[in-house]
Amino acid sequence: MNSIYVDNNATTKVDPKVLDAILPYFSELYGNPSSMHSFGGSNGQKIRQAREKLAALINALPDEIVFTSCGTESDNTAIMAAVNSLPEKKHIITTRVEHPAVKNMFEHLAQNNFNVTFVPVDKRGRLDLQYLYDKLSDDTAVVSIMWANNETGVVFPIEEISQVLSKKGIVFHTDAVQAAGKVPIDVKKAKVDMLSLSGHKFHAPKGIGALYVRKGTRFSPYLIGGHQEKGRRGGTENVASIIGMGEAGRLALEELDETSRQMAKLRDKLENELLRRVPRSIVNGDTANRLPGTTNISFEFVEGEAILLMLNEFGICASSGSACTSGSLEPSHVLRAMGVPYTAAHGSIRFSLSKYNTEEEIDYIIEKLPPIIERLRNMSPFWKEAS
Amino acid sequence: MWQVVNRYFLLGQAVLKALNIFYCFDSDHAVVKRSVVKTIRGERKIMWEYTGKVKEHFMNPRNVGVIEDADGIGEVGSLACGDALKLTFKLGEEEKIIDAQFQTFGCASAIASSSALTEMIKGITLDEASKITNDDIAQYLGGLPKEKMHCSVMGRDALEKAIAFYRGEPYEKAEGEIVCECFGVTDLEIQRAVQENQLLSIEDVTDYVKAGGGCENCHDKISTIIDQATEDKRPENKKAPAMTNIQKIRLIEDVIDSEIKPALKKDGGDIELIDLDGDAVIVKLRGSCANCKTSQVTLKNFIETKIRELVSPDLIVKEENSDEFNIC
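Keep in mind that this is a model prediction, so the values were computed, not measured.

K.L.:
Looking at this structure, I do not really get the overall build of chain A. What am I missing?
P.N.:
Regarding its fold elements, chain A presents 13 helices and 13 strands. Taken over 387 residues, chain A has a buried fraction of 61%. Working note: accessible area of chain A is about 15,100 Å², and carbon and sulfur atoms make up 51% of it.

This is the structure in structure tokens:
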């Protein structure tokens, strides 16, 4: 049975063109780019090209790109660089709906004498900007706000926020891991100081990330080691994956308009048809400002893990914000921050598309999912009363 | 091999040490430790670790529905908690359960546990049914992931409630005092889970009855309950709680799977439990440990320590055909 993969916010397939580009660097071209001999040194040239390509994706300068091992490392590096370079400032701000890479780092800092503000969101997942602006003070070391939410796809007004923060001279980091390759990113317009990227979210391999650091931003490395990445990140370069991330960045930029249009079209069809066919289903998140391929739908009175397992029987791969799948006993912190009632939060399913999804696949999901919900509802003690 | 195990130990100690230092820095904030635990917990992926039987009962649940003129009705859980079960049964002559049906809102293991429960109680008497434990339900399904044991507890609770309903007795839960506000769990429920399942940590309690899995404000109270339950046991029985051989074997298997195998696998080795002969745990080593002369040392120092610590201090570990040692 072929898989229908609609879990692309979790990870994506490596683009065959990317794979072709990186394979030689696992076999014959294994040199260390730091070496004096041209066998290794020529790989340095390849890394420079990859850096240029990735910089172009977000309209940055190549020197402003630091390659890391993943999105989490980029997020951790950015936050620690900000607080370490401003040791007298003890106030840091983020949102209540961040990815764990940011959220848990802030919680960790909260236990180490930092005063943390978590900016709330409304029931559609939109940021309370006034709350954010009211909390800014001279003591604020860094503000970290994701570009787009991984669970709901809601896109935050980073450009607008950056204008306020840059005027006040407050360091602004954004986790753009979910946004890159799906919506245009231009760091000349959105004046963020640091921006995190992850390769495997846009068809590069896993294990490669990048951090954009605006020229002139005070920075301290997170991994202390050799001179690699101009001393901003020690460790021998992951040559193959860096080349892959560069190539994936190039393709993402080239295909952005077309793929985002195609993903949005298929996502809208999936969403509209499921809402039409399944009673008591609700979309979580601001549909007006959303990533093109993401939809998060709650099917009331059923539990997400049960839905996922039954979808799995049909080869359909999605994810859920339910308690059972979040690894804890409570549903996703994002849905709770939005005030999604428990009746709905436990039954939330996230579908996230990529350029590889086809209309046939979407039709298949539309055919298979409604009977699953019906079956589980007929098993549920709450359904009869509710309906 | 020994070096690897030793390294594993040293690494573990280093990690513990690091954490201890970390805690010391934050000794004012008892929360630190918990949040670290919670973070680690959040990383665990448990979804697909179901037995074939769980999956089968989930995909083809038996006895779904509600018996209209039921003799016993037990409803437990809630939408907010993420799982709920309504159990109904019908009695025949001599209090024999002739029909049982369920409705469940919840994950795959909640549905499978409910389905299993109805199958288990059909055809037995009320007295027999009242002796069913949550562990029996889990065992019927070939075991449940530890994090899902609360599903089996929910089944047992529904059964007890339905029996109490039939007998017109008050349900025990009402008499307890709520400890966990998030999931509405009482001290009596926690006490019982701790005693029946030999739970040792807050995390265990959360896995079995959900208590402590939300805001974590009740963690101190849960700790106290665990401590009391452990102390209660000590004076009357200094040794580990008396276990049947089956329970012992099961526990040894758990310890081997979760504590010993991962360490051996780092060096390409593996271990299999062959038998339990009195207090002797007979194991077979495979892979790179199998032909290693130092494996005797490994056995004594590592496996036995673990098994004694986590199962029973009386146990000794022996290797099957232990006279045939080659040199690595």
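Moving on from the model shown.
K.L.:
Would you mind showing me how to read the sheet that holds strand S3 (residues 91–95) of chain A here?
P.N.:
Each strand in a sheet pairs with another by means of backbone hydrogen bonds, the pair being arranged parallel or else antiparallel. All names here are of chain A. Strand order in the open sheet formed by seven strands is S2-S8-S7-S6-S5-S3-S4, with mixed pairing between adjacent strands. At either margin of the open sheet sits one strand with a lone partner, and together these are strand S2 (65–68) and strand S4 (115–119). Strand-to-strand twist across the sheet, computed as the mean angle between neighbouring axes with direction ignored, equals 20°. Across three bridges, S3 lies against strand S5 (residues 140–144) in parallel orientation. Looking across to S5, one finds that isoleucine 92 is bridged to valine 142. Most of the contacts of helix H4 (residues 100–110) go to S3, to which it runs at about 150°, and overall it touches S3, S4, S5 and strand S6 (171–175).

K.L.:
Can you help me understand the environment of glutamate 56 of chain B in this one?
P.N.:
Relative to the helices and strands, glutamate 56 of chain B resides in helix H3 (residues 52–59). Its relative accessible area of 33% is what places glutamate 56 of chain B among the partly exposed residues.

K.L.:
Explanation requested: the side chain of aspartate 187 of chain B in the structure shown.
P.N.:
All names here are of chain B. With respect to the secondary-structure elements, aspartate 187 resides in helix H8 (residues 187–197). Buried and unpaired, aspartate 187 has no salt bridge, with lysine 221 as the nearest side chain of opposite charge at 9.0 Å. Those residues within four positions of aspartate 187 in sequence are excluded, and the remaining contacts are Gly176, Glu177, Val179 and Ile225.

K.L.:
What should I look at first to understand the pairing of strand S10 (residues 294–299) of chain A in this one?
P.N.:
On any regular strand, side chains alternate: one points to one face of the sheet, the next to the other face. Burial analysis of S10 of chain A places six of its six residues in the buried class, the great majority of the element. Of the two faces of S10 of chain A, the one lined by Thr294, Asn296 and Ser298 of chain A and the one lined by Thr295, Ile297 and Phe299 of chain A are each fully buried.

K.L.:
Hey, could you run me through the confidence of the model for chain B in this one?
P.N.:
All names here are of chain B. Confidence in the prediction for chain B averages 76 pLDDT; 73% of positions are at 70 or higher. Across chain B, strand S3 (residues 97–105) holds the top mean pLDDT of 96, while helix H2 (residues 31–43) sits lowest at 36. Below a pLDDT of 50 lies the segment residues 1–46, which in the model reaches 53 contacts outside its immediate sequence neighbourhood of four places, other chains included. Contacts of residues 322–328 to residues separated by more than four positions or lying in other chains number 12 contacts, the stretch itself having pLDDT below 50.

K.L.:
Even after reading the chapter, I still don't get the pattern of salt bridges, so can you show me in this structure?
P.N.:
Side chains carrying opposite charge are able to pair once their charged atoms draw close together. Per the stated rule, a full pass over the model turns up 39 salt bridges over all chains. Its salt-bridge partner being arginine 233 of chain A, residue glutamate 73 of chain A comes within 2.7 Å of it at the nearest N-O pair. Taken together, the residues glutamate 73 of chain A in helix H3 (residues 71–85) and arginine 233 of chain A in the loop between strand S8 (209–213) and helix H7 (239–277) connect sequence positions 160 residues apart. Each member of the pair glutamate 73 of chain A and arginine 233 of chain A is classed as buried. Its salt-bridge partner being arginine 250 of chain B, residue aspartate 135 of chain B comes within 3.1 Å of it at the nearest N-O pair. Of the two residues, aspartate 135 of chain B sits in helix H6 (residues 134–140) while arginine 250 of chain B sits in helix H11 (residues 245–265), which places them 115 residues apart along the sequence. Relative accessible area serves as the criterion here: at 25%, arginine 250 of chain B is assigned to the partly exposed category. In this structure, a network of salt bridges that share partners links the residues Arg156, Asp157, Glu160, Arg192 and Glu196 of chain B.

What counts and how
- Residues numbered from 1 in each chain as written.
- Chains lettered and ligands numbered in written order.
- Predicted model: local features only at pLDDT ≥ 70, side-chain atom pairs only at ≥ 80, totals over all residues.
- Heavy atoms only, no water.
- Helix = DSSP H or I, 4+ residues; strand = E, 2+ residues; numbered from the N terminus.
- Buried < 20%, exposed > 50% of the residue type's maximum accessible area, 1.4 Å probe, protein only.
- Areas by Shrake-Rupley, 256 points an atom, 1.4 Å probe, with all protein chains shown as cover.
- Pairing = 2+ DSSP bridges.
- Axes fitted to C-alpha atoms, helices over the stretch in contact; angles between N-to-C directions.
- Contact = heavy atoms within 4.5 Å.
- Lys, Arg positive; Asp, Glu negative; His and termini not counted.
- Salt bridge = Lys/Arg side-chain N within 4 Å of Asp/Glu carboxyl O.
- pLDDT = per-residue confidence, 0-100.

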